[in-house]
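Geometric and topological summary
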Amino acid sequence: MKCKVCTRKAVRKGYCERHVRAYENVTKNYVVWNKAAELPWREYLSEIAKNPVTGEWARDVAEYLSRTGEEPNVKAS
Amino acid sequence: MEKYTLVIAEKPDAAKRIAQALDVSQKPAIMHDKRVPYYSAKRDGEIVVVSALGHLYTITAAQKGRSHYPVFAFKWVPRYVAEKGASHVRAWLETISKLAKGAGVFVDACDYDIEGSLIGYSILKHACEGKDHEAKRMKYSTLTKEEIERAYDNLLPHLDFALIEAGRARHEVDWLYGINLTRALTTSANKTSTQYATLSTGRVQGPTLKFLAAREKSIRAFVPAPYWKVTAQVKIDGQAFGAEHGKRTIKTKEEADTILNSCKGRTGLVEKVVTKQFWQSSPLPFDLSALQNEAYNLFGYTPKRTANIAQHLYLDALISYPRTSSQELPHTIDYRAILRNLNRVPQYKQLTAELLARPELRPNEGEKHDPAHPAIYPTGNIPERTLEAPERNVLSLISRRFMAVFVEPSSIQSVKAYININDNRFFLGGRRVLKEGWLRFYAPFARTAEIALPPLKGGQTIPVKKVILERRFTRPPPRHNPCSLLRKMDQHEIGTKATRADIMQTLHDRKYIRDENIVVTDLGFEVLEVLEEYCPTVVSVRMTRELEHRMNRILAASEKREKILEEAVGILKPALEKIRENEKKIGEQLSNAVREARTEERAVASCPICKTGKLVILYSRKTGKRFVGCTNHFQGQCNTSFPLPQRGTIRVPKKSCSLCNWPTVQVIAKGRHPWTICLNPECPSRNGRRGKIEVQSMH
């Protein structure tokens, strides 16, 4: 199976070795963002996608999640 | 005919200095044989000094053929046999062999370290018909006349065979790793591709790439988190200062807003002022890594450049041997003589006079020890030629550091004022130098930013001009630069001080990494992933370090070269077998990466005209000239093209023009600073240049 974002082989959660780490960071950080600024998921994705310090792989994942509307598997407290 | 003493130096410049120092009149006769210079000096008898050109011998596979692997049988041969561009080495070796025939005594005067010992040994063994066992050894740390004479008068009775064995082990193990892994990767990639590519790796290259890739992964997968920072602008004695909120990072917007609102329109009250005094010890003498670090931080010189500059200064007898890991300046070095020499330099006159007036000179030394050489120090000699600016900088750095190590610590006072604004605590920090100590000697290289604060006391009220709320984001870990990578390699004990800078260069040359703030390319990732999957032991930092330790133990004769070689083969054999079994799969992965890397290298940006094509660097079939063209040209949809300079290397900085936002390219030409060209023919930057040219032509 191919990665949801690129053409590399998916290893976990539908992502390749490179993007799975970025995916985990994107979902994990939502909790921080939500607590800090009470942003809904989609707005959060757009915020990090346009942030210049966001890593390239994390941006790929954010754009993919934003495009597909895939929801995070984390509870925003 | 009376036999002479043959002295073998490592480099032509060193041979010249040695001959000058040993000749009674300091004017040795220079002679040439097949354009190879050598010197005849008169002392007690005749001394002939000839040089090598670094390594004249190298390792090659015992069997012919360039693409098969594994290759475990090897032999030492003259470099011209194994390397295409080394034909000049033949004349060099023939001259040495000829001179050896008339010699009665042999002296190895190559640099006293692993490489130098191996260079001298190989020449004595192979070009001088096995004179390695009767040759004597000259040991010196500077090329000054006094030290060369002292070293010649106190020759070591034989070569340092432990150093030689350690050198052989290093070269042989590195060769085994390099040749086998490079051939395995290259063969795999080229089996599935029509375009040839060399994919190299080595014993230290792999783990180094692994460090860099680990950092790169953290950066590429990084997601910033927001935080807020509140600063109160206060006015003290008519001067504005920014006082930071006690909580440097406020994690929620709500909390930040609460602080901001509660501070608005309030005045501040100085709760207390805490002053602390601390001592800053004088710096340690330079070892090579520390010098490379400092030169990078101060002048932006890469470690390789600094090592080269230092090597030139050493050959000019201006500094001691730079490839040292010592932080010690033993008392056998005549500090006062050096300071007296430095006293002739106008800008050091006052400082050296102060040091010379002291009854005792005791350097601040570090823990690192090098049995072969002390820390780097200046000789105090006056340069015999006009030094280039970078050479002057490095020499000045070494000279000032040498003086600073003898001076007492400097005393610094830090001040922290706690300011209460409506129950919110802010603070202001200041710093000043109370006693300069060594800082005065190390100026202008000392970094002590003073922050002056006006006198403050508890209970004092301070007007708050405004309170600023800033939203900030956490940052990814910084990219490695040549110096931080060097430190990392040093810290993990992989590679040697002499090879680390070259390893970085090789990673650049192979396009596994790019830029000064190092970025690992996709090709670098792919090569590393293949190595990690199929032969993790060869990229293991732990294994590499252990091998380094074992090779170092040869120096103490507690390890045998042959045993280490056996072990290296033991590590490589299964790794290579695994690569062989998966050649097709690996080949596809690597050749795809090479293809993508080549396309990526040529890609400039999206086409600003048709907006759908990509601008790439192309070559004209008719003229062979390069230019930038749109990929949609091949479908007949876009004719956009831009000319490029035909000389120099073109790099794509992936940054758009700051004036017009069009794509740019960078041109790197020999002897010039790199310059950036905006592709937009109407860009104001071009007008500026044209304007300047017009103005110039009017005068």
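Residues numbered from 1 in each chain as written. Chains lettered and ligands numbered in written order. Predicted model: local features only at pLDDT ≥ 70, side-chain atom pairs only at ≥ 80, totals over all residues.

Quick look at the overall build of chain A
What chain A contains, in helices and strands, is three helices and two strands. Each helix and strand of chain A, placed in order from N terminus to C terminus, yields the pattern β-β-α-α-α. For 77 residues, the compact-globule formula gives about 11 Å, and the C-alpha radius of gyration of chain A, at 12 Å, lands near that figure. C-alpha atoms of chain A, sized along the principal axes, occupy 35 × 25 × 20 Å. Counting over 77 residues, chain A shows a buried share of 38%. A sequence separation of at least 24 residues applies to 45% of the contacts in chain A between residues at least 6 apart. (Helix = DSSP H or I, 4+ residues; strand = E, 2+ residues; numbered from the N terminus. Rg over C-alpha atoms; globule rule 2.2 N^0.38 Å. Buried ≥ 20, exposed ≤ 12 C-beta atoms within 10 Å, placed from the backbone. Contact = placed C-beta atoms within 7 Å.)

Describing the overall build of chain B
Each helix and strand in chain B was counted, giving 21 helices and 23 strands. Taking the principal axes of its C-alpha atoms as reference, chain B extends roughly 100 × 80 × 65 Å. Taking all 699 residues of chain B together, the buried fraction comes to 39%. A separation of at least 24 residues holds for 68% of the contacts in chain B among residues at least 6 apart in sequence.

A few points about the interface of chain B and chain A
In many analyses, interface size is given as the accessible surface area lost on bringing the parts together. Taken together, the contact pairs 15 residues of chain B with 18 residues of chain A. When grouped by side-chain class, the residues that make up the side of chain B that touches chain A number nine nonpolar, one polar and five charged. (Nonpolar A, V, L, I, M, F, W, Y, C, P; charged D, E, K, R; others polar.)

A few points about helix 3 (residues 88-101) of chain B
Along helix 3 of chain B, the residues classified as buried are Val89, Trp92, Leu93, Thr95, Ile96 and Leu99 of chain B. Down the axis of helix 3 of chain B, the smallest arc covering the buried residues is 160°, so these residues share one side. (Arc of directions from axis to C-beta.)

Digging into the pairing of strand 1 (residues 4-9) of chain B
Residue and element names in this part refer to chain B. Within strand 1, five of the six residues are buried, which leaves the element mostly enclosed by the surrounding structure. For strand 1 and strand 7 (residues 103-108), the ladder comprises five bridges, and the chain directions are parallel. Each bridged residue has a counterpart across the sheet, and for Thr5 the counterpart in strand 7 is Val105. Where strand 1 lies against strand 4 (residues 46-51), five bridges are found, and the strand directions are parallel. Paired with Ile8 across the two strands is Val50, which belongs to strand 4. (Pairing = 2+ DSSP bridges.)

Brief notes about helix 13 (residues 389-404) of chain B
The α-helix advances 3.6 residues per turn, and as a result positions three or four apart in sequence lie on the same side. All names here are of chain B. Taking 1.5 Å per residue, 16 residues should reach 22 Å; helix 13 reaches 22 Å between its end C-alpha atoms and fits that length. For helix 13, the full list of buried residues reads Val394, Leu395, Leu397, Ile398, Ser399, Arg400, Arg401, Phe402, Met403 and Ala404. If you follow the buried residues of helix 13, they end up packed against helix 9 (288-299), helix 10 (303-315), helix 11 (335-342), helix 12 (349-356) and helix 14 (439-442). (Expected span 1.5 Å × (residues − 1).)

What about the nonpolar core?
Residues and elements named next belong to chain B. Core analysis: the biggest nonpolar cluster contains 141 residues, and Val7, Ile8, Ile18 and Val49 have the highest contact counts within it. It is helix 6 (residues 161-191) that provides the largest number of residues to this core, a total of 12 residues. Dropping the residues within four chain positions of it, Val7 is found in contact with Ile18, Ile47, Val48, Val49, Val107 and Ala109. (Core = buried A, V, L, I, M, F, W, Y, C linked by C-beta atoms within 7 Å.)

Things to note about the sheet that holds strand 18 (residues 614-619) of chain B
Where strands meet in a sheet, backbone hydrogen bonds hold them as pairs that are either parallel or antiparallel. Residue and element names in this part refer to chain B. If you trace the four strands from one edge of the open sheet to the other, you get 17-18-19-20, paired in antiparallel fashion. The sheet terminates laterally at strand 17 (603-606) and strand 20 (641-643), the two strands that pair on one side only. The mean inter-strand angle of the sheet, taken between neighbouring strand axes irrespective of direction, is 25°. Summarising the sheet, strand 17 and strand 18 pair through three bridges and their orientation is antiparallel. Within strand 18, the position partnered with Ala603 by the bridge is Val616. (Axes fitted to C-alpha atoms, helices over the stretch in contact; angles between N-to-C directions.)

Brief notes about the pairing of strand 9 (residues 226-236) of chain B
All names here are of chain B. Taken together, the nine bridges between strand 9 and strand 14 (residues 461-473) define a ladder with antiparallel strand orientation. Its bridge partner lying in strand 14, Trp228 is registered against Arg471. Pairing of strand 9 with strand 10 (residues 239-245), which is carried by six bridges, proceeds in the antiparallel orientation. When the bridges of strand 10 are listed, Val234 appears paired with Phe241. Between strand 9 and strand 10, which pair antiparallel and follow one another directly, the connecting turn spans two residues, one of which, Asp237, has a positive phi of 50°.

Looking at the environment of Ile96 of chain B
Residue and element names in this part refer to chain B. Relative to the helices and strands, Ile96 is located in helix 3. For the pair Ile96 and Cys128, spaced 32 residues apart in sequence, the C-alpha to C-alpha distance is 7.4 Å. In this view, Ile96 contacts Val50, Ile123, Ala127 and Cys128; residues no more than four positions away in its chain are not counted.

Some words on the domain arrangement of chain B
All names here are of chain B. When cut into domains, chain B gives domain 1 (4-159), domain 2 (168-220 + 478-594), domain 3 (226-282 + 410-473), domain 4 (288-404) and domain 5 (602-698). One C-alpha centre belongs to domain 1, the other to domain 4, and the line joining them spans 27 Å. Contacts between domain 1 and domain 4 engage 11 residues on the former and 11 residues on the latter. Tallied by class, residues from the side of domain 1 that touches domain 4 come to three nonpolar, three polar and five charged. (Domains from an automatic or database assignment.)

Concerning the sheet that holds strand 21 (residues 649-651) of chain B
Residue and element names in this part refer to chain B. Overall, antiparallel pairing links the three strands, which are arranged 21-22-23 in an open sheet. With partners counted over all chains shown, the strands left at the sheet margins are strand 21 and strand 23 (675-678), one partner each. Neighbour-to-neighbour, the strand axes of the sheet open up by a mean angle of 30°, direction not taken into account. Of the pairings in the sheet, the one linking strand 21 to strand 22 (residues 664-668) comprises three bridges and is antiparallel in character. By the bridge assignment for strand 22, Arg651 is matched with Gln666.

Some remarks on the confidence of the model for chain A
Confidence along chain A averages 89 in pLDDT terms, with 94% of residues attaining 70 or more. Averaged pLDDT values for the elements of chain A fall to 92 in strand 1 (residues 10-12) of chain A and rise to 95 in helix 3 (residues 56-68) of chain A. (pLDDT = per-residue confidence, 0-100.)

Some points on the packing of helix 7 (residues 205-220) of chain B against helix 16 (residues 500-509) of chain B
All names here are of chain B. Where helix 7 meets helix 16, the axes come as close as 10 Å, and the angle between the chain directions of the two elements is 75°. When the axes of helix 7 and helix 16 are compared, the pair comes out roughly perpendicular. Here Gln205, Thr208 and Leu209 of helix 7 come into contact with helix 16, specifically with Ile503, Thr506 and Leu507. Residues that form the contact of helix 7 with helix 16 fall into these classes: three nonpolar, three polar and no charged. (Parallel < 35°, antiparallel > 145°, perpendicular 65-115°, else oblique.)

Quick notes on unusual backbone geometry
All names here are of chain B. The linkage connecting Tyr69 with the following residue, Pro70, adopts the cis geometry, with an omega of 0°. Tracing the sequence through the fold places Pro70 in the loop between strand 5 (57-61) and strand 6 (74-78). Of note, the bond from Ala443 into Pro444 is cis; its omega dihedral lies within 30 degrees of zero at 10°. Here Pro444 lies in the loop between helix 14 and strand 14. Positive phi is not limited to glycine here, since Lys511 has a value of about 65°.

What to know about the environment of Gln63 of chain B
Take Gln63 of chain B: it is sitting in the loop between strand 5 and strand 6. Sequence separation of Gln63 of chain B and Lys75 of chain B is 12 residues, and the distance between their C-alpha atoms is 9.5 Å.

Section: the environment of Ser67 of chain B
All names here are of chain B. Here Ser67 shows up in the loop between strand 5 and strand 6. The class for Ser67 is exposed, based on 8 C-beta atoms found within 10 Å. Separated by 119 residues in sequence, Ser67 and Thr186 place their C-alpha atoms 8.4 Å apart. With residues up to four places along the chain from it excluded, the contact list for Ser67 reads Arg183 and Thr187.

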